[in-house]
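Each chain, written out:
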Amino acid sequence: MTTRRARNETEVISASVAGRMGGGALLFGAAAYYLTIVTDPSVSSSRLVSLVLSLSVVAAGVIALVIPWDRFNPRLTIILVPFILVILGVGNYYDPMPRIDAVFFVLIGAWIGLCHPRFTTLAFTPLIALVYWAPIAMRGDAKDLGSATLIVTAVSIGIGELLGLLRTGLERSRDELALSAQRRFSALTRNSIDVTFVFGREQNVRYVSPGAAKRLGYGSGELEAVPLRELLTEYVEGIFEEHVEAILDGSYLGESITKNHELRFLHADGTWIDVEATVQNLLDDPDIDGIVVHVRDIRDRKALENDLHYRAYHDELTGLANRAAFHREVQDARTDVDEATVVYLDLDGFKSVNDTQGHQQGDRLLRVASERLVSAAPGDAVVARLGGDEFAVLLHAGIEEATELAETFVRAISEPFALRGTMVTVGVSAGVAGVDSDGPDDQAIGDADMAMYHAKVSDSVAVSVYEPQMRDRLLQRLDAKSRLRDAIDQGQLILHYQPAVDMKTRAWLGAEALVRWNDPVRGLVPPVEFIGLAEETGLIVEMGRQIIHEACREAMTWPTVAGVEPKVGVNVSPRQFRDPDFLGIIESALSETGLAPDRLIVEITESIFISDIEMASQKLRDLRQMGTFLALDDFGTGYASLSYLRTLPFHLLKIDKSFVENAPTRARDLSLLQTINRLGHDLGLRTLVEGVETEAQAMLAASLHCDMAQGYVFAKPMSAARFRTAMADRQDIELPATTRGLRPKSVH
Ligand code: C2E
Ligand code: CA
Ligand code: CA
């Protein structure tokens, strides 16, 4: 982008073309002159003079052809004019040749008009004419040629000015085009959230998009003084060397565009801000001749990621580590050299506190209990709430010491709790088990749980230490497994359906299939009570196959409402998803029932990415290829890293109910919900809020522009028959005008 190049851009005719055209005109003059001399016997001048003249014109013409004019301003070609003047003058002194001169004249006029500023012909042509005419006048022929000279001069000026006019018109429209493109570009960059830099080989900032400096806290011109190395560094050592420096020293082997590196950018106030940078090598592009770096501020995204990470590993109510975090800690302890022990604690009679005093008081009790645990535990212990009224503590101690500590915990929790003026006491049972590096991953937690159970059923002790014979409980599990096996075989698993609604119109877009165990003795058993067991035992694969098939079959019976073919969502647990034949199961369910693939929504949770992200993403791509819809379920409760979301082919983001629960009253939750929803939209996903229980939550989700919702406030899960008739009834409902006109969004 040197000045030379910039000027050339607006010239329709470049200096080299102009110079060559001038040289061409001179050569033409010489050739014509020479031809006249040799063919016209009336030519009287000395042959020597003619020869010298022709040769000098040829020389001037050749010089004009070879001079590297493009180094100069095209206007400079005007220096050819004195040549022309001298040649014309001397030639005419000896031998006027009016016809040749006339053509020559017109050519020169055209050339000046084409290659020089407007009105140059007007100024120069009379001068040339004067030089032409003067020698003739000196010879006394003025009268003969005076009027002819005047006409030729006028024609030459006319043609020259006409061409000049044409050229400047062209130049202007080209300038305007360039200017409007530039204006559009700067408007784009000004309004873009990205900041664009162009760096030269010396790593200095050559260009910064407008407004960027201000956004990063710099005054105008300040950024240009800072080398790239200092602006984009410190973080992820190696990225910089790998890409930018490698590009500069010519050793770069990757693609010319390096994608989405998370880097840190130096803000003017000295802090580092999280950015995502794309580096593009345009050193070979003569118009840019630099390295283009697009930088996007991702502070919001990072903050959300940190929040989600915190939530994934902490219990919201007590702020303690949660089950996932505790498993991780125990896992780590297995490889430690020091002894480690797990204490498992379970409150007795907590449910009755909840029932008699209300949930709020129950929550308070849990918070106070957790505080007591934390203060009774040594500093290096990990205290966790595993869910409900179950707690666990990881101790860096042997069994004996751990048992003493467990007794301290039990005493601390057994102290009365002051709830709304009344004192309440709850019992507590504890189990202790050592962490063994040989056993399965979470053996210690299971052992401690079993020991706790032992303490709970015995009347005499509150704390018991794990012993192998306690594994009898395992037999109970085996029993449960065979009962579940029978349930699957005897078709005791049934599906209920919960509608998903359009957030704006509340039209039903389809339903999620939710499994229940219709046990002849226990009645309808909710999935939380058997999905885990099915997962552990692998029964989930066969169970899942039946569920998917049944859901597809059922969806085929649903009527179309307001032109929308309802979709059906099925939940797929990690083990099911990992099954090698998972795609085959989906495929045969679709082909056997005839359900269109885009009516099936496959719901999976973030946990499928923990073990093998490559395998998981490939499966997702295959599913998408088949035409099914993909939903990321319970978003925000898992091991959220937002970077992967961008690369995975989901259609729908199901935002976990924990986000909407307190959004109407807690600003923090509201802003999280808003950020997640916006993030989903930024990534091109539809969003659905789960567990909407109140009108206030529904209004709020609508105001945040969430696309869809599910929850008790719209409809609870219902039997297949009820859903079918409810759908048919809704078909007859006169939908509000806005809904009818506006085809409700289908899922995605
Ligand atoms: P999920 O996928 O998050 O399903 C939504 C759960 O939230 C359902 O519980 C639903 O009844 C409940 N729900 C819906 N609206 C509300 C509301 O407004 N408030 C509250 N508090 N809850 C609401 P459900 O049916 O007990 O299912 C629990 C979980 O069990 C599901 O969570 C899913 O992870 C799993 N599950 C259910 N059916 C299947 C299945 O067929 N296969 C597999 N692998 N897992 C299933
Ligand atoms: Ca689900
Ligand atoms: Ca969910």
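Values in this document were obtained by computation on a predicted structure and should not be read as measured data.

So, about a negative patch on the surface. Residues Glu329, Asp332, Asp336, Asp338 and Glu339 make up a contiguous surface patch of negative charge. Relative to the assigned elements, Glu339 resides in the loop between helix H12 (323–334) and strand E6 (341–348).

Okay, the side chain of Arg599 next. Along the chain, Arg599 falls in the loop between helix H21 (582–593) and strand E17 (600–605). In this structure Arg599 is buried but unpaired, with Glu565 as the nearest side chain of opposite charge at 4.1 Å. Side-chain polar atoms of Arg599 contact the backbone oxygen of Ala555, separated by 2.9 Å. Here Arg599 is in contact with Ala555, Met556, Glu565, Pro566, Lys567 and Val568, once residues within four sequence places are set aside.

At this site the calcium ion (ligand 3) is bound by Asp633 (OD), Asp634 (OD), Glu690 (OE) and Glu690 (OE), with donor distances of 2.1 to 2.5 Å. In the primary structure, the donors to the calcium ion (ligand 3) are separated according to the pattern D-D-x55-E. In this structure the calcium ion (ligand 2) is found 3.8 Å away from the calcium ion (ligand 3), and Asp633 serves as a bridging donor for the pair. In this pair, Asp634 sits in strand E18 (residues 629–635) while Glu690 sits in the loop between strand E20 (686–689) and helix H26 (695–703), placing the two residues 56 residues apart along the sequence. Using a relative accessible area of 25% as the deciding quantity, one classes Asp634 as partly exposed.

Bound to the calcium ion (ligand 2) are the protein donor atoms Glu512 (OE), Asn571 (OD1), Glu603 (OE) and Asp633 (OD), situated 2.1 to 2.3 Å from the metal. Read from N- to C-terminus, the donor residues coordinating the calcium ion (ligand 2) fall into the pattern E-x58-N-x31-E-x29-D. For Glu603, a relative accessible area of 4% corresponds to the buried category.

Moving on: the sheet that holds strand E8 (residues 390–395). On the basis of which strands lie adjacent, the open sheet formed by five strands has the order E7-E8-E6-E11-E12 and mixed pairing. Two strands in the sheet have a free side with no partner beyond their single neighbour: strand E7 (382–387) and strand E12 (463–465). Taking the axes of each pair of neighbouring strands and ignoring which way they run, one obtains an average angle of 20° across the sheet. In the packing of helix H16 (residues 443–457) onto the sheet, contacts are made with E6, strand E11 (427–434) and E12, and the angle to E11 comes to roughly 140°.

Another aspect to go through is the pairing of strand E2 (residues 205–208). Across three bridges, strand E1 (residues 194–199) lies against E2 in antiparallel orientation. Bridge pairing links Phe199 to Val205 in E2. Between E1 and E2, which pair antiparallel in sequence order, lie five residues; one of them, Gln203, sits at a positive phi of approximately 70°.

Each value, and the rule that gives it
Residues numbered from 1 in each chain as written. Chains lettered and ligands numbered in written order. Predicted model: local features only at pLDDT ≥ 70, side-chain atom pairs only at ≥ 80, totals over all residues. Heavy atoms only, no water. Patch = residues over 30% accessible without salt bridge, like charges linked within 9 Å, V, L, I, M, F, W, Y side chains within 5 Å. Areas by Shrake-Rupley, 256 points an atom, 1.4 Å probe, with all protein chains shown as cover. Salt bridge = Lys/Arg side-chain N within 4 Å of Asp/Glu carboxyl O. Lys, Arg positive; Asp, Glu negative; His and termini not counted. Charge placed at Lys NZ, Arg CZ, Asp CG, Glu CD. Helix = DSSP H or I, 4+ residues; strand = E, 2+ residues; numbered from the N terminus. Buried < 20%, exposed > 50% of the residue type's maximum accessible area, 1.4 Å probe, protein only. Polar contact = N/O pair within 3.5 Å; in protein donor to acceptor, adjacent residues only side chain to side chain. Contact = heavy atoms within 4.5 Å. Donors = N, O, S within 2.8 Å, 3.2 Å for Na, K, Ca; no water. Pairing = 2+ DSSP bridges. Axes fitted to C-alpha atoms, helices over the stretch in contact; angles between N-to-C directions.

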